Amino acid sequence: MEQKKSKSRIAEKKSEVASGLKDFGTKIYNQLESGIFPTINMPSRSTENINYDPHLRQYILGERSVTRSARNIRHVKPFTQLVWAAMFSNELTTQRKTSTLRDVYYSAQAYEMTFKDQQESNNIITDLETATGYSREDFNIFPEERSAVFGDLTIEYTVPGYEGKTLNLTSHPDGVLIGPALTSSEFANTTADKVIAIEKGGCSQDSSKKMFILNTILLWY
């Protein structure tokens, strides 16, 4: 029963993301059909528009927005890059493919879409997240598998072929790599009451057992 519920939630989420990308493209298409320069409105990511939400206990974007318009010559390139990123993300989600941020950068070359470097490509993916309200993981785009997580957290896989299978992240003393399969999994059970993120992996190795005793999920990247 729980496995069926998990699959149902995943299917609903995928349908929602696909619908969001379709709406994003449809708005641009309708503007072009109407003979007007297409524009995209999105929340501003400036520091002045970042506020702390005490209820969520995290920083969120405020009500300020920015507009990208094909009418503005300075916006044409990032506007085109953003539309391409939405198209590429739609291909990934509908064809059940995955990509890393670096693969997105290199894949753009096959479409003759140019980015001066990967940071520019990464920024466009962030713009797409902001414009649609979904995370890059929802688009099946993940960071490189260099990060890991350790602690008493049992996850349930949702990737094809592993649906319903569970894994406790204490199963390996070096932690479990944070890749597409782990990122898309469901949280099944945990005794942890906090998460500690450590920038350098070496700092975590001597303290992993101690952190486990303290009911902490240890994340390093």
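So, a few notes on the structure that sits alongside this text. Here the structure is a predicted model, which is why all the values come from computation and not from measurement.

Summary: where empty space remains is shown by rolling a probe the size of a single water molecule over the atoms. Volume-wise, the largest pocket comes out at about 650 Å³. If you trace the largest pocket, you find 26 residues lining it, with Ile10, Lys14, Asn140, Thr158 and Ser184 closest to the centre. For the lining of the largest pocket, the secondary structure elements donating two or more residues are α1 (2–33) and α5 (180–183). If you tally residues by element for the lining of the largest pocket, the top one is α1, at seven residues. In terms of residue class, the lining of the largest pocket is built from eight nonpolar, eight polar and 10 charged.

A word on the nonpolar core. In a soluble, globular protein the nonpolar side chains are often hidden away together inside. Judged by nonpolar contacts, the single largest core of 25 residues is most densely connected at Ile40, Leu82, Trp84, Phe115, Phe139 and Ile141. Those elements that place two or more of their residues in this core are α1, β1 (39–43), α2 (76–94), α3 (101–110) and α4 (118–132). The greatest single-element share of this core, amounting to seven residues, is contributed by α2. If we skip the residues at most four places from it in the chain, Leu82 touches Phe24, Ile40, Met42, Arg68, Ile124, Asp127 and Leu128. Residues Leu153, Ile155, Tyr157 and Leu169 belong to the second largest nonpolar core, which totals seven residues.

Another point: the packing of α2 against α4. With their axes 9 Å apart at the nearest point, α2 and α4 run at an angle of 70 degrees to one another. As summarised for this structure, α2 and α4 are arranged roughly perpendicular, according to the angle between their axes. Of the residues in α4, those in contact with Lys77, Pro78, Gln81, Leu82, Ala85, Ala86 and Ser89 of α2 are Glu120, Ile124, Ile125, Asp127 and Leu128. By residue class, the composition of the contact of α2 with α4 is seven nonpolar, two polar and three charged.

Together, Ile50, Tyr52, Tyr59 and Leu61 make up a nonpolar patch on the protein surface, roughly 420 Å² of accessible area in all. With respect to the helices and strands, Tyr59 occurs in strand β3 (residues 58–61). Looking at Tyr59, the relative accessible area reads 60%, which means it is exposed.

Each value, and the rule that gives it
Residues numbered from 1 in each chain as written. Predicted model: local features only at pLDDT ≥ 70, side-chain atom pairs only at ≥ 80, totals over all residues. Heavy atoms only, no water. 1 Å grid on protein atoms, 1.4 Å probe; cavity = no way out; pocket = protein on both sides within 12 Å on 5 of 7 lines; lining within 4 Å. Points joined across faces, edges and corners; volume = space filled by probe spheres on them. Helix = DSSP H or I, 4+ residues; strand = E, 2+ residues; numbered from the N terminus. Nonpolar A, V, L, I, M, F, W, Y, C, P; charged D, E, K, R; others polar. Core = buried A, V, L, I, M, F, W, Y, C linked by side-chain atoms within 4.5 Å. Buried < 20%, exposed > 50% of the residue type's maximum accessible area, 1.4 Å probe, protein only. Contact = heavy atoms within 4.5 Å. Axes fitted to C-alpha atoms, helices over the stretch in contact; angles between N-to-C directions. Parallel < 35°, antiparallel > 145°, perpendicular 65-115°, else oblique. Patch = residues over 30% accessible without salt bridge, like charges linked within 9 Å, V, L, I, M, F, W, Y side chains within 5 Å. Areas by Shrake-Rupley, 256 points an atom, 1.4 Å probe, with all protein chains shown as cover. Salt bridge = Lys/Arg side-chain N within 4 Å of Asp/Glu carboxyl O.

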